[in-house]
Amino acid sequence: MQDHVTPRRVVILGGGFAGLFAARALRRSPVSVTVVDRRAHHLFQPLLYQCASGILSEGQIAQPLRDILRRHHNVRCLLAEATDVDVQARLVHLRLPDGRAMELPYDDLIVGVGMRQSYFGHDEFAAHAPGMKTLNDALDIRRRIYQAFEMAETATSARERQQWLTFALVGGGPTGVELAGQIREIAGHTLEREFRTIDSAEARVLLFEGSDEVLGAFGRPLAERAARTLRGLGVELHLGTRVTDIDAHGLMVRHKDGAVTRYEARTVLWTAGVEAPPVATALARATGATQDRAGRIAVEPDLTLPGHPEIRVTGDVMSLNKLPGLAEVAMQSGAYAGRSVRHAVEGRTKKQKPFKYVDLGSAAYISRGRAVLKTGPLHLSGFLGWLAWLFIHVAFLTGFRSRLGAVLSWSVAFATNARRERAFAMSDADAPAEPAPEQKAPSPSA
Ligand SMILES: Cc1cc2nc3c(=O)[nH]c(=O)nc-3n(C[C@H](O)[C@H](O)[C@H](O)COP(=O)(O)OP(=O)(O)OC[C@H]3O[C@@H](n4cnc5c(N)ncnc54)[C@H](O)[C@@H]3O)c2cc1C
C-alpha cells in the first residue's frame, strides 16, 4: 500500500533525452524523482560529430544534469551506474564512482539507458576504430583526425604519408556521412596553408556502407542527393561492402562479388551499429521481457513491461513497432512515461492512450551549407535543407547558453571555415607504434 507521508519514489535510469523528458514531465507532481546516470552531464549526441571535428566545444553539447534540473525541486541527480534491478524488492543496484555498491528503492522505474556502440561481435576492432557515442569518443576522434595530418607532415615515405592522409569511415548512416563531410572540409579548407610538407587537401576519405545507399532511412531521392553531394566533396563511396578486419594500418573489405580488398588508412572510424548496455539485459532477465537482436527491450503499447506496470522502458533501448533510434522518439517516449506516472499519482482512472510517436522528421548535415531533411511529405536538400537543419538544432539544444554558443560557433565556421575547438595533445598510447603488417618481424614459428 502507498505510504501517504513518503512521496512516491520514481527512479529514472539515464539522463539522456528520454530520462530528461521523463523528469521534466514529473516536475509539478508530488513525487520524489531520482535521476541516475553514469555521466554527470546530458549529452546532445546528434552534435557529437561537430565536437569531434572542432566546430563546437564539449560544453556546447554537454550540460551538467544538475544544472539542467536545478529548478526541478522534486528531482535529485545521482552519479552512479545501474548494474541490476531486483524487481521483487523493487530496488536498483548501483555502483558509485568509487566502486561502492548502493541500493535504490523505487515505486516506479523509468528506464532510458540508451544504446552503446556495437562491433557485431568484433570487439577487437574498437582499439583501431573508435565509435562515437560519448564525449570521450568525440575528443578521441578529434585527436585522431588532427593528429593524422601532423603525422603525415613528418612521414618519411610517400606511402606512409598517404596512409596518414587516408581516413576510412565504416557505416553510411547520418554519423558516417556527417563525419565524412567534416573531414573533407577540414582537409580542404580548415587546414589550408597550415602545413609545410603536405597538402592537406590531398586527404582521401573513404566511406564503407553495407547497403547500396548512404542515408537509406531518408528514402531514395534524398539518399541519392546526399551521395552526389558527398562525391562532389571528394568522399569516395564504397557501397555494398562489408568490413571484415581492421588493424592499425588499414582495413579489409569484402565486396558484393566476394572479392576482398585491403585499404591502407591510419584513421578508421566506426559508426556502424549499436547494442543495449548490460543493465538492459539484466532487467530483461529479471522481468522475463524479450529483447530484440540488438538487446532492445520489448514494451507494451503503454511502454510498461509485461506483468510490471511499475516499470517503463523508453528511448533508444525500448523496442516498439520498429521505432527508430532518434532523439525525438526518446523525448516523446520519456515525456509519455513521465506523464503516465503523473496520471497514476493524480489518481486518474481513465486508461491512458497507447504511446503514439509523432514523426517530426529527420535531418543530416553533410557539409557547410548542405544538409538533407525529411519531414512528412517535405524533402529538402542543399542550402534549404541546411537552414532547416540549423533551425531544428538551435531549437532542440538544451539550455540558452549552449544555444547561443553554438550559434556563434556556427556563424564563425560558416563565414570563415575556421574551427576554434582544435585543442588536443599526444596520447600516451601513441608510442611505441605497431609496425605495418608487412614490416612485422617474423614470428618464431614462421
Ligand atoms: C553520433 C550520433 C549522432 C546522432 N544523430 C542524431 C540525429 O541527427 N537526429 C536524431 O534524432 N538522433 C540522432 N542520434 C540518436 C539520438 O542521439 C538518440 O536517439 C538519443 O540520444 C536517445 O536518447 P536516450 O535517452 O534513449 O539515450 P541516450 O541519449 O543515449 O542516454 C542514455 C543515458 O543513459 C546513461 N546510462 C547508460 N547506461 C547506464 C547505466 N547502466 N547506469 C546509469 N546510466 C546509464 C548514459 O550515460 C546516458 O546519459 C544520434 C546518435 C549518435 C550517437
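All values derive from a computational prediction rather than experimental measurement.

Q: I would appreciate a short explanation of the site of the ligand in the present structure.
A: Around the ligand, a shell composed of 28 residues is seen, among which Ala18, Asp37, Ala82, Asp316 and Ala327 lie nearest. Within the backbone of phenylalanine 17, an N or O atom sits 3.0 Å from an oxygen atom of the ligand. Between leucine 326 and the ligand, the recorded distance is 3.3 Å, taken from a backbone N or O atom to an oxygen atom. In the complex, 91% of the free accessible area of the ligand, which totals 990 Å², lies under the protein chains. Among the residues making up the shell around the ligand, the classes are represented as 13 nonpolar, nine polar and six charged.

Q: For this particular structure, what's the right way to read the confidence of the model for the protein?
A: Parts of the model with low pLDDT should not have their predicted coordinates read in detail. In the predicted model, the protein carries a mean pLDDT of 92, and the fraction of residues at 70 or more is 94%. This stretch, residues 439-446, has a pLDDT under 50; its non-local contacts, to residues over four places away or in other chains, come to two contacts.

Q: What should I look at first to understand the domain arrangement of the protein in this one?
A: One can read the domain layout of the protein as domain 1 (8-38 + 80-115 + 276-345) and domain 2 (123-274 + 361-419). Inspection of the domain 1/domain 2 interface yields zero salt bridges. Split into classes, the residues belonging to the side of domain 1 that touches domain 2 amount to four nonpolar, no polar and four charged.

Q: What is the right way to look at unusual backbone geometry in this model?
A: The general pattern is negative phi for most residues beyond glycine and trans for most peptide bonds. Positive phi values are uncommon outside glycine, yet arginine 90 reaches one of about 55°. Topologically, arginine 90 is positioned in the loop between β6 (81-86) and β7 (91-95). Judged by its relative accessible area of 34%, arginine 90 falls in the partly exposed class.

Q: What is the right way to look at the nonpolar core in this model?
A: Core analysis: the biggest nonpolar cluster contains 62 residues, and Leu47, Ile61, Phe149 and Leu230 have the highest contact counts within it. When residues of this core are sorted by domain, at least three fall in each of domain 1 (8-38 + 80-115 + 276-345) and domain 2 (123-274 + 361-419). If you look at the next biggest cluster of nonpolar residues, it comprises 35 residues, including Leu13, Ala294, Val313 and Phe355.

Q: Please clarify how the pattern of salt bridges should be interpreted in this entry.
A: Side chains carrying opposite charge are able to pair once their charged atoms draw close together. Under the defined criterion, the tally for this structure stands at 23 salt bridges. Ionic pairing is found between arginine 100 and aspartate 98, a salt bridge with its closest N-O pair at 2.9 Å. By relative accessible area, which is 52% here, arginine 100 ends up exposed. Between aspartate 212 and lysine 256 there is a salt bridge; the shortest N-O distance is 2.8 Å. With a gap of 44 residues between them, aspartate 212 in the loop between β12 (204-209) and α8 (220-233) and lysine 256 in the loop between β15 (250-254) and β16 (260-264) connect regions that are remote in the sequence. Judged by its relative accessible area of 63%, lysine 256 falls in the exposed class.

Parameters and conventions
Residues numbered from 1 in each chain as written. Predicted model: local features only at pLDDT ≥ 70, side-chain atom pairs only at ≥ 80, totals over all residues. Heavy atoms only, no water. Near = heavy atom within 4 Å. Polar contact = N/O pair within 3.5 Å; in protein donor to acceptor, adjacent residues only side chain to side chain. Areas by Shrake-Rupley, 256 points an atom, 1.4 Å probe, with all protein chains shown as cover. Nonpolar A, V, L, I, M, F, W, Y, C, P; charged D, E, K, R; others polar. pLDDT = per-residue confidence, 0-100. Contact = heavy atoms within 4.5 Å. Domains from an automatic or database assignment. Salt bridge = Lys/Arg side-chain N within 4 Å of Asp/Glu carboxyl O. Helix = DSSP H or I, 4+ residues; strand = E, 2+ residues; numbered from the N terminus. Buried < 20%, exposed > 50% of the residue type's maximum accessible area, 1.4 Å probe, protein only. Core = buried A, V, L, I, M, F, W, Y, C linked by side-chain atoms within 4.5 Å.

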